[in-house]
Amino acid sequence: MCGIIGSTNYKINRITLNSLRHRGPDEYGVYNDEKINLGHVRLSIIDKTTGTQPLVDNNLVLIFNGEIYNYIELNDKLKENNTSDTRVLLSYYKKYGIEKTLKDINGMFSFSLYDKEKQKIYLVRDRVGIKPLFYYHKKNNLSFCSEINPLKEIINAPLSIDPLSVSIFFNCYYIPSPKTIYKEIHSLEPGNYIEYNLKTNKLNNKTYWGLSTPKIHPLNAEYLKNTLKDSVNLRLRSEVPMGAYLSGGIDSTAIIKYISKNRKNFNTYTALIDDKELNEEEYAIKASNKYKVKYNPLKIKSQEIKLSFLKKLIKHFGQPFADSSIVPTYNISKKIAENVTVALGGDGPDELFGGYNKYEHKTKNLEERFFRNNNLDFLKSFYIKNTMHYLQENLPYKTTNDEQTLRLLDIKYFLEGDILQKIDRMSMANSLEVRVPFLDHRIVEWSNTIGYNDLFGIRKKHVVKKVIENDFDPNFIERPKIGFMLNLNWVSKFDYYIKNNINKLNIVNNNFNIKQIKDNYLKFAILMFILWYEENYE
């Protein structure tokens, strides 16, 4: 896992890389010529001794963030002696070109590939958006980076807040691709790549993967079991110590099951929220005992949260972000990183298989079910947009019912814009790589072939529960879902701060009164927007 940065206009040097070093504390490297400037920071996972980047091979230069899990199988096909996934990626491109390479690789990644002979630069992001890539393009300036703040440093150009992004944020509490908070900076969408012509300065954005109108097949739980097992095995490839998140929920427990078949006494880590209604310690202990893995608890105390800590977290996003679970995610990632370099997580099934409670709320409309907040009345009218119209018109295909539409909204926007963005920033802030076996593209594609009744008519996440249901009693399997979040009763202690600082943003009505905001999650979103604004405009 690493961080990448590049520009056609700005010369990259060691100082440029300082703001990315949390993503790659082990090594750094730069490449500069008359056409492109590239930088890379490395968290060494595979081929620790010879995997230095940028990787130069005659007319090709590659900087790569992520993992190609099937690099051994691809190398066998090449019949070469490559020792790392990065070298396999470059060799595969040399032999097969960009399209077949992207079709055949299985992994999480964002990378830049500079082909001197073709005078082209490719910017690529993985299929579901596990790894981020942001870019800026104006005239002959193409600049890109794994994070927004370092990108801002190298483009050195005026940036303006996007009103639609403000509206999306206060509806959703995150900003999904291709939007960012800035009009001029874009997030490369999952399953897409950019082909940039250095002769003409033209940028062509292409889609190489995506979900399409599904062909429904009978439910085959054995496919999920077998593919998930293989996915976990691929993601256990590493030359450094590994661990896993264990919430006690169904999803992380399923991951632990398959880890335990290959690794004994594997370290697992559980965040214990100081709220009994949000605490699943009992089930995490049961899962760790069943599968004979090591249980490592970490207590999260919400009352100890300070503004300075929240400012630290929001800085890693480079834009407003207000999922309250960033706090426990950061803390448990920090704890895990003290012991291991790579961790496996159970994210993805709630979006793929309709696991959220909102799928049962069929009397509510889409806005009520998908948005975290429907009340934008406190904003100036300039910032109130039809967010749902924008989101729906960019879905990959049309559905015949609200549940399927909701599922697509979750996969395209919530999974990428919230869940994966949170995991990447909070883990990489602690130099920890997180792998998500449920988001193997084979499982994502297969989930799209499941019929309505098998998804929504039997029980929530029916097929995922079948993976582990023979290992636990019904109370474990059928208990209500508990989200990974904080009770935000404490956020009101920052009302004074919101009151004293909100008007400088110039986005709320003149009669705005924080005391009239009763929803603590909306209040938290307003607070995080203020903290982002102060970090970037003061």
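Just above sits the structure.
Here the structure is a predicted model, which is why all the values come from computation and not from measurement.

Caption draft 1: A look at the packing of helix α5 (residues 221–235) against helix α6 (residues 250–260). Direction vectors running N to C along α5 and α6 enclose 65 degrees, while the axes themselves pass 9 Å from each other. Here α5 lies roughly perpendicular to α6, going by the angle between them. Considering the relative orientation of α5 and α6, their crossing is right-handed. Contact residues: α5 offers K225, L228, K229 and V232, while α6 offers A254, I255, Y258 and I259. Split into classes, the residues belonging to the contact of α5 with α6 amount to six nonpolar, no polar and two charged.

Caption draft 2: Summary view of the sheet that holds strand β7 (residues 120–125). Across the sheet, six strands lie side by side as β4-β5-β6-β7-β11-β12; this open sheet has antiparallel pairing. The open sheet is flanked by β4 (55–57) and β12 (202–207), the only strands paired with a single partner. With strand direction ignored, the average angle separating the axes of adjacent strands in the sheet is 15 degrees. The sheet strands contacting helix α2 (residues 85–104) are β4, β5 (60–68), β6 (107–115), β7 and β11 (192–197), and the helix crosses β5 at an angle near 100 degrees.

Caption draft 3: How the structure looks around the pattern of salt bridges. Applying the stated rule across the entire model yields 37 salt bridges. Across the pair R23 and E147 runs a salt bridge, and its minimum N-O distance is 3.0 Å. Here the residue R23 occupies a position in the loop between β1 (2–7) and β2 (27–32), and E147 occupies one in the loop between β9 (141–145) and α3 (148–155), the gap between them amounting to 124 residues. The same class applies to R23 and to E147, which are both buried. Taking the shortest distance from any N to any O, the salt bridge between D162 and K179 comes out at 2.8 Å. Of this pair, D162 sits in the loop between α3 and α4 (163–172) while K179 sits in the loop between α4 and β10 (185–187), and the two are 17 residues apart along the sequence. Connected through shared salt-bridge partners, R23, K131, E147, D424 and R425 make up one network.

Caption draft 4: The arrangement of the side chain of D85 in detail. Mapping D85 onto the fold places it in helix α2. For the buried D85, no salt bridge exists, and the shortest N-O distance to an oppositely charged side chain is 7.0 Å, to R42. Of the polar contacts made by the side chain of D85, one reaches the backbone nitrogen of I68; its length is 3.0 Å. Once you skip the residues sitting within four places of it in the chain, D85 turns out to touch F64, G66, E67, I68 and Y71.

Caption draft 5: Summary view of helix α13 (residues 402–428). L415 marks the point of greatest bend in α13, at about 55 degrees. Sitting at the head of α13, N401 places a side-chain oxygen 3.2 Å from the backbone nitrogen of E403.

Caption draft 6: Inspection of the pairing of strand β14 (residues 267–273) at higher detail. In terms of burial, β14 is largely enclosed, as six of its seven residues are buried. Relative to β14, strand β13 (residues 242–245) is paired through three bridges, and the arrangement is parallel. Along β14, the bridge assignment pairs Y245 with Y269. Read from β13 through α6 to β14, the crossover connection turns out right-handed. Relative to strand β15 (residues 294–300), β14 is paired through seven bridges, and the arrangement is parallel.

Caption draft 7: Expanded view of the nonpolar core. Counting 175 residues, the largest nonpolar core has F170, L224, L310, F353, F370 and I526 as its most contacted members. For this core, the leading source of residues is α13, giving twelve residues. When residues no more than four places from it in sequence are discounted, the contact partners of L310 are I305, V327, W490, F494, F524, L527, M528 and L531. The next biggest cluster of nonpolar side chains, apart from the first, holds 17 residues, and it includes L38, V61, Y114 and Y135.

Caption draft 8: View of the sheet that holds strand β17 (residues 433–435). Here five strands make up an open sheet; going across it, the order is β15-β14-β13-β16-β17 and the pairing parallel. On the outer flanks of this sheet lie β15 and β17, each paired with one strand and no other. For this sheet, the mean inter-axis angle between neighbouring strands, taken without regard to orientation, is 30 degrees. Against the sheet, helix α7 (residues 281–291) engages β14 and β15, with an angle of about 165 degrees to β15.

Caption draft 9: The arrangement of unusual backbone geometry in detail. Of the consecutive residues Q53 and P54, the connecting peptide bond is found in the cis state with omega at 0 degrees. Take P54: it is sitting in the loop between β3 (37–42) and β4. In this chain, S177 is followed by P178 through a cis amide linkage whose omega measures 5 degrees. For P178, the location among the structural elements is in the loop between α4 and β10. Phi angles above zero are rare outside glycine, and S431 is one such case at about 55 degrees. Along the chain, S431 turns up in the loop between α13 and β17.

Cut-offs applied
- Within every chain, residues take consecutive numbers counted from 1 along the sequence as written.
- Only residues with pLDDT of at least 70 are given local features in this predicted model, and only at 80 or more are side-chain atom pairs given and counted; all residues enter the totals for whole chains, interfaces and linings.
- Here the side-chain values reflect all heavy atoms present in the structure, with hydrogen atoms and water set aside.
- Axis definition: a line fitted to C-alpha atoms, limited for helices to the stretch in contact. Angles are taken between N-to-C directions and run from 0 to 180 degrees.
- Numbering of helices and strands runs from the N terminus; a helix is a DSSP stretch of H or I covering at least four residues, while a strand is a stretch of E covering at least two.
- For classification, angles of less than 35 degrees are called roughly parallel, those exceeding 145 degrees roughly antiparallel, those between 65 and 115 degrees roughly perpendicular, and all remaining angles oblique.
- If you view the pair so one helix is near and one far, a crossing is left-handed when the near helix is turned anticlockwise from the far one by less than a right angle, and right-handed when it is turned clockwise.
- Contacts: residue pairs with any heavy atoms within 4.5 Å of one another.
- Residues were grouped as follows: Ala, Val, Leu, Ile, Met, Phe, Trp, Tyr, Cys and Pro as nonpolar; Asp, Glu, Lys and Arg as charged; and all remaining residues, including Gly, as polar.
- Strand pairing is defined by DSSP finding a minimum of two bridges between the two strands.
- Here, a salt bridge means any side-chain nitrogen of Lys or Arg that lies within 4 Å of a carboxyl oxygen of Asp or Glu.
- Each residue's exposure class comes from its accessible area (1.4 Å probe, protein chains only) as a fraction of the maximum for that residue type: buried when under 20%, exposed when over 50%, partly exposed otherwise.
- Residues scored as positive are Lys and Arg, those scored as negative are Asp and Glu, and His as well as the terminal groups of each chain are ignored.
- Two N or O atoms form a polar contact when they lie within 3.5 Å of each other; inside protein one atom must be a possible hydrogen donor and the other a possible acceptor, and for residues adjacent in sequence the pair counts only when both atoms belong to side chains.
- Bend at a residue means the angle formed by two fitted axes: the first through the 7 residues ending at that position, the second through the 7 residues beginning there.
- With its strands directed away from the observer, a crossover is right-handed exactly when the path from the first strand over the helix to the second travels clockwise.
- As used here, the term nonpolar core means buried Ala, Val, Leu, Ile, Met, Phe, Trp, Tyr and Cys residues forming a set that is joined through side-chain atoms within 4.5 Å.

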